[in-house]
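Given next are the chains, with one letter for each unit.
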Amino acid sequence: MPGKIIEGRNLKPQDWTLMPDFCVVGSGAGGGVCALKLAEAGFDVIVLEEGPNIAQGDGPAPAQKRPVLNERESQMYKLLYQEGGTRLTANGGVKVMQGRCLGGGTAVNWSACLPPRLETLDEWQKRGLPFTRQNLEPFLREVVNYLPVVRNDKYNSSARKFIEGCAALGVPHDNLPNNTHDCRECGSCGVGCPYDRKMSGFVKWLPDAIAKGATVWTDTKVDKLVAGGDRVTEVHAHFIDGKNRPTKGTLVVKPKKGVVLAAGSIGTPGVLLRSKMDLGKRVGKFTHIHPVTITIGKYPEKTSPAYGVPDNMFTPKFSAGPTGYLIETGSFFPVLSASATLQHGEELHRIMRDYYPSGAISYAHHTTGFDEQEPYGTVRLDDDGEPELDYRIPKANVKPMQESLVEMCRIHLAAGATSVYVMRNPPLEVKPTSGFEEIRKIDFTEPQRATIFTVHVMGGCQMNKDERRRVVNNDFTFGQMKNLWVVDGSLFPTALGANPQVTIYSLALWGAQEICRQNNATFQLNHQQGGALPWPGY
Ligand SMILES: Cc1cc2nc3c(=O)[nH]c(=O)nc-3n(C[C@H](O)[C@H](O)[C@H](O)COP(=O)(O)OP(=O)(O)OC[C@H]3O[C@@H](n4cnc5c(N)ncnc54)[C@H](O)[C@@H]3O)c2cc1C
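Reading the values: rules and limits
Residues numbered from 1 in each chain as written. Predicted model: local features only at pLDDT ≥ 70, side-chain atom pairs only at ≥ 80, totals over all residues. Near = placed C-beta within 6 Å. Helix = DSSP H or I, 4+ residues; strand = E, 2+ residues; numbered from the N terminus. Nonpolar A, V, L, I, M, F, W, Y, C, P; charged D, E, K, R; others polar. Buried ≥ 20, exposed ≤ 12 C-beta atoms within 10 Å, placed from the backbone. Pairing = 2+ DSSP bridges. Axes fitted to C-alpha atoms, helices over the stretch in contact; angles between N-to-C directions.

### Observations concerning the site of the ligand
Here comes step 1: Around the ligand, a shell composed of 41 residues is seen, among which G26, G28, G104, G105 and G267 lie nearest.
Here comes step 2: The dominant element in the shell around the ligand, judged by the number of residues it contributes, is helix 8 (residues 264-274), at four residues.
Here comes step 3: Among the residues forming the shell around the ligand, the class breakdown is 14 nonpolar, 21 polar and six charged.

This is the structure in structure tokens:
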């Protein structure tokens, strides 16, 4: 029998007790995959998601399938993101964007799909992880064929300017595959695709899991796990109303088989820390981000930069090495970008007037996490028991971050930009004649109140052969526990150096296979049909 979605915000105040086989915590990239594969294997599965449902409309096949997604940034960040889109690192230096809704990050992400870098997998093998490009291939293939991942060559104005600039400078550039289909080019991916053209968790993994019998509880926040010996015996949660306040209702889950943690790279350590399961203070350590540096070119003509596929053009030229970076193109989301300028009043008005209607944006995701001497980030609990990330930009990334800004400025200028806005506090505008010396003075180790942002958070519960770092074992179990598994981005030992959703999906498939094996159930990959994967030469 199919399962359903139960919205915690609409329940009468009541205390619930449930006894499924598996309780999956979090409905994002890792959680959606595991919910589907465990339900497919015949288990009774519930998923607990703290964020809201994104329900389908019930009109006669309306073009806008998800009326709740109204494409307005001012309302959607508040609805769909952790801390209403205002999450910062503890010192305010980095703005941390993470989804908090049905589908988690997959609901709001920009749909770029890359495989893990080979050199990252090599590093992970040195740290004892079992993954290689060869043995991951069936899982990557499953993701590519199931979503599917395709090369979408409808380019927005930012991508077109980037192609022109790269061509003028001889910088190699390529299509970045993604998981949108028949895209309407509204540019709203970052606030949730209302038309179901992006193959996010709430379009693919979760409905398919529900069709196989899984039940998803939204507005249901997990407070803690209760363990007895080497088993989790209970999951304690409460419901959240439409204004993010706890209701009077609670939920206790007593899973027959176990618990799968997929609350993301700040949420999963948060649940574990609240449960006093910190494995000798290892939980939450070595949390990684890809710090993002941003440039906006100003062009002589109108560009309408908020529209189109946000992220389908990139250059791999600078991506190699432990501090390499991927320059990608994006959508110039006006509210997000305006807040990142940190300006207000007349100056903000001027910047937006100058750069918004005729702008093109590019940004660089920076690889971190390879230096074993660096502490990187730590997730800890604040006074309210909520997880927060303490993070310093690693010194080794400062020069590459400066250089990425220089390279992006060069590309904009070669494409005909009359000036380039560099996100720095105070802001910096680079003209064709001004040179790049000011950029090379930016000290990213000094917190600049969130002019750096990240949309990729990884690690905090890493797999590692080193017992001083290991939180998750190679069979995806947590510490000494026999019925607790972690399947989200928190298990990465380093940052990835590539957009992470495809890797998280693939590792979660591997994790689901492990969970099935450990529980004597059949696991199957169903989308193995041939054809080359969409990343030639990568
Ligand atoms: C704006 C944006 C753009 C991005 N663009 C791309 C892109 O183009 N390509 C790409 O590859 N990646 C992209 N990403 C990153 C990618 O989406 C994430 O890396 C991925 O979704 C992380 O998967 P996860 O399973 O680790 O966690 P998530 O997907 O974050 O899911 C975790 C879920 O757990 C829930 N949760 C947390 N705590 C609790 C709790 N206590 N109780 C119940 N539920 C809880 C959260 O609400 C969330 O829904 C982007 C992310 C963002 C935010």
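Next comes the rest of the write-up.
### With respect to the environment of V203
Here comes step 1: With respect to the helices, strands and loops of the structure, V203 is situated in the loop between strand 6 (174-175) and helix 7 (205-211).
Here comes step 2: Overall, the presence of 24 C-beta atoms within 10 Å leaves V203 in the buried class.
Here comes step 3: Sequence separation between V203 and D354 is 151 residues, and the spatial gap between their C-alpha atoms is 38 Å.

### Notes on the sheet that holds strand 9 (residues 231-240)
Across a sheet, paired strands are connected by hydrogen bonds in the backbone, their directions being either parallel or antiparallel.
Here comes step 1: Taken together, the four strands give an open sheet; going across it, the order is 2-10-9-8, and neighbouring strands pair in mixed fashion. Strands at the two margins of the open sheet, each flanked by one partner only, are strand 2 (15-18) and strand 8 (220-228). This sheet shows a mean twist of 20° between the axes of neighbouring strands, independent of strand direction.
Here comes step 2: Pairing of strand 8 with strand 9, which is carried by eight bridges, proceeds in the antiparallel orientation. By the bridge assignment, G228 is partnered in strand 9 with R231.

### Brief notes about the pairing of strand 17 (residues 378-381)
Here comes step 1: Here four bridges tie strand 17 to strand 18 (residues 387-390), and the two strands are oriented antiparallel to one another. Bridge pairing in strand 18 links L381 to P387.
Here comes step 2: Taking the residues that link successive antiparallel strands as the turn, the strand 17-strand 18 hairpin has five residues, and the phi of G385 there is positive, at about 80°.

### Focus on the sheet that holds strand 4 (residues 45-48)
Here comes step 1: Read across the open sheet, the six strands follow the order 1-7-4-3-11-23; overall the sheet is parallel. Among the strands making up the open sheet, the edge pair consists of strand 1 (5-7) and strand 23 (484-486). Going across the sheet, the axis of each strand differs from the next one's by a mean of 20°, ignoring polarity.
Here comes step 2: In terms of strand pairing, strand 3 (residues 22-25) meets strand 11 (residues 258-261) through four bridges, oriented parallel.

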